[in-house]
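Letter by letter, the chains look like this.
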Amino acid sequence: SPAATTLSVFFHVIMENDSLEGGNVPDSQLEDQIAVMNDAYADAGITWVLADTQRITNADWFNNVGPDGSEQTEMKGQLRTGGAADLNVYTVGFTSGSSAGLLGYSTFPSDYEGNPENDGVVILFSSVPGGAAAPFNLGQTLTHESGHWVGLYHTFEGGCSGSGDMVDDTPAESDPAFGCPTGRDTCSSAGVDPIHNFMDYTDDACMNEFTAGQVARLQDQMATYRGVSF
Ligand code: ARG
Ligand code: ZN
Ligand code: CA
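Each value, and the rule that gives it
Residues numbered from 1 in each chain as written. Chains lettered and ligands numbered in written order. Predicted model: local features only at pLDDT ≥ 70, side-chain atom pairs only at ≥ 80, totals over all residues. Heavy atoms only, no water. Helix = DSSP H or I, 4+ residues; strand = E, 2+ residues; numbered from the N terminus. Rg over C-alpha atoms; globule rule 2.2 N^0.38 Å. Buried < 20%, exposed > 50% of the residue type's maximum accessible area, 1.4 Å probe, protein only. Contact = heavy atoms within 4.5 Å. Lys, Arg positive; Asp, Glu negative; His and termini not counted. Charge placed at Lys NZ, Arg CZ, Asp CG, Glu CD. Pairing = 2+ DSSP bridges. Axes fitted to C-alpha atoms, helices over the stretch in contact; angles between N-to-C directions. Donors = N, O, S within 2.8 Å, 3.2 Å for Na, K, Ca; no water. Phe/Tyr/Trp six-rings, centres within 6.5 Å; stacked < 30°, edge-to-face > 60°. Parallel < 35°, antiparallel > 145°, perpendicular 65-115°, else oblique. Left-handed = near helix turned anticlockwise from the far one by under 90°. Nonpolar A, V, L, I, M, F, W, Y, C, P; charged D, E, K, R; others polar. Right-handed = clockwise from strand over helix to strand, strands pointing away.

K.L.:
Explain the overall build of the protein to me, and be specific about the residues and the numbers.
P.N.:
From N to C terminus, the protein includes five helices and five strands. For the protein, the α and β elements follow one another from N to C terminus as β-α-β-α-α-β-β-β-α-α. A compact globule built from 230 residues should have a C-alpha radius of gyration of about 17 Å, and the protein, at 17 Å, falls within 12% of that. The C-alpha extent of the protein, read off along each of the three principal axes, is 50 × 35 × 30 Å. With 230 residues in all, the protein has 52% of them scored as buried. Here the contacts in the protein between residues at least 6 apart in sequence split such that 65% fall between residues at least 24 apart. The distance from the centre of the 6 positive side-chain charges to the centre of the 32 negative ones in the protein is 5 Å.

The following block contains the structure:
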């Protein structure tokens, strides 16, 4: 749809130390990340603008900021910027504890009102374009996590039955797809598995679409919970 909106992105680069391996993501990679997001969301009517970047040295947050831990509450409580329509992105290392091995996680629009300070996306720093996390280093982790932040569920939500991802043009699939499989079709209902969808679990190079139904859902979610008009 031609209707469009511009949203601000605030990057919080959490570092263990000043080195690249320590999480010191260069500005050029953050700019490339925004460009990847703008490609992905062009048909959804969202333009993302890099509003601000802050770099913070905190080894505890860098290494062990899992989705249920006190580190997350502390980090976001100190750093989150802006209102319901502002995307806060924390880049971290996910090396230990319950965070070990994660690519990212996000809150949903409907979570905002009850806990605004917790709102935002946490991603592995090396998943940004040019990072070391191949095959997840083309920037689609932030596309995927932002997909949750704008109100989308996984394409495999609910497996082969039920209301699934609440979108009717993403064929059901039984469970996440990995890599970039050919001809995957795990449910007897119509359509092959949507392995190229940003909300599946395939490799970054395999992902290239949000459907019209997802665009309609995310615009509705953003209007309802984040006060964004398109
Ligand atoms: N597993 C993560 C999640 O459920 C992110 C998956 C991102 N996939 C990718 N190809 N970058 O939110
Ligand atoms: Zn996800
Ligand atoms: Ca099918």
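Now that the structure has been shown, we can carry on.
K.L.:
I'd like a rundown of the sheet that holds strand β4 (residues 104–106), residues and numbers included.
P.N.:
Pairing between the strands of a sheet is mediated by backbone hydrogen bonds and can be parallel or antiparallel. If you walk across this open sheet you meet the five strands as β2-β1-β3-β5-β4, and the pairing is mixed. Of all the strands in the sheet, the pair left with one neighbour each is β2 (46–57) and β4. For this sheet, the mean inter-axis angle between neighbouring strands, taken without regard to orientation, is 20 degrees. In the packing of helix α1 (residues 27–41) onto the sheet, contacts are made with β1 (5–15), β2 and β3 (87–92), and the angle to β2 comes to roughly 150 degrees. Sheet contacts for helix α4 (residues 140–149): β1, β2, β3, β4 and β5 (121–124); angle to β5, the most-contacted strand, approximately 165 degrees.

K.L.:
Please give an account of the coordination of the zinc ion (ligand 2) that cites residues and values.
P.N.:
Think of it this way: four donors in a tetrahedron around the metal ideally sit 109.5 degrees apart, and six in an octahedron ideally sit 90 or 180 degrees apart. Taken together, His144 (NE2), His148 (NE2) and His154 (NE2) make up the protein donors of the zinc ion (ligand 2), found 2.0 to 2.1 Å from the metal. Donor residues for the zinc ion (ligand 2), ordered by position in the chain, follow H-x3-H-x5-H. Of this pair, His144 and His148 both sit in helix α4, separated by four residues, roughly a single helical turn. Look at His144 and you get buried, because its relative accessible area is 6%. The class for His148 is buried, based on a relative accessible area of 6%.

K.L.:
Describe the packing of aromatic side chains, listing the residues and the values that go with them.
P.N.:
For the coordinates displayed, the defined rule picks out nine aromatic pairs. Geometrically, the ring pair formed by Trp48 and Trp149 is tilted, given 6.2 Å between the ring centres and 55 degrees between the ring planes. With Trp48 in strand β2 and Trp149 in helix α4, this pair connects stretches of sequence that are 101 residues apart. Both residues of the pair, Trp48 and Trp149, count as buried.

K.L.:
I'd like a rundown of the packing of α1 against α4, residues and numbers included.
P.N.:
Put simply, α1 and α4 touch, their axes get as near as 9 Å, and they point 55 degrees apart. It follows from the interaxial angle that α1 and α4 lie oblique. α4 is crossed by α1, and the crossing has right-handed handedness. Mapping the contact onto sequence places Gln33, Val36, Met37, Ala40 and Tyr41 in α1 and Gln140, Leu142, Thr143, Ser146 and Gly147 in α4. In terms of residue class, the contact of α1 with α4 is made up of five nonpolar, five polar and no charged.

K.L.:
Give a description of the coordination of the calcium ion (ligand 3) that names residues and reports values.
P.N.:
Ligation of the calcium ion (ligand 3) by protein atoms is provided by Asp185 (OD), Cys187 (O), Ser189 (O) and Gly191 (O), these donors lying 2.2 to 3.0 Å from the ion. Sequence positions of the residues that donate to the calcium ion (ligand 3) give the spacing D-x1-C-x1-S-x1-G.

K.L.:
Tell me about the pairing of β1, and name the residues and values.
P.N.:
Regular strands show a simple pattern: their side chains alternate between the two faces of the sheet. Counting buried positions along β1 gives nine out of eleven residues, so the element sits mostly inside the fold. Between the parallel pair β1 and β2, the chain is carried across by α1, and the sense of this crossover is right-handed. Note: β1 against β3, five bridges, orientation parallel. Of the residues in β3, the one forming a bridge with His12 is Tyr90.

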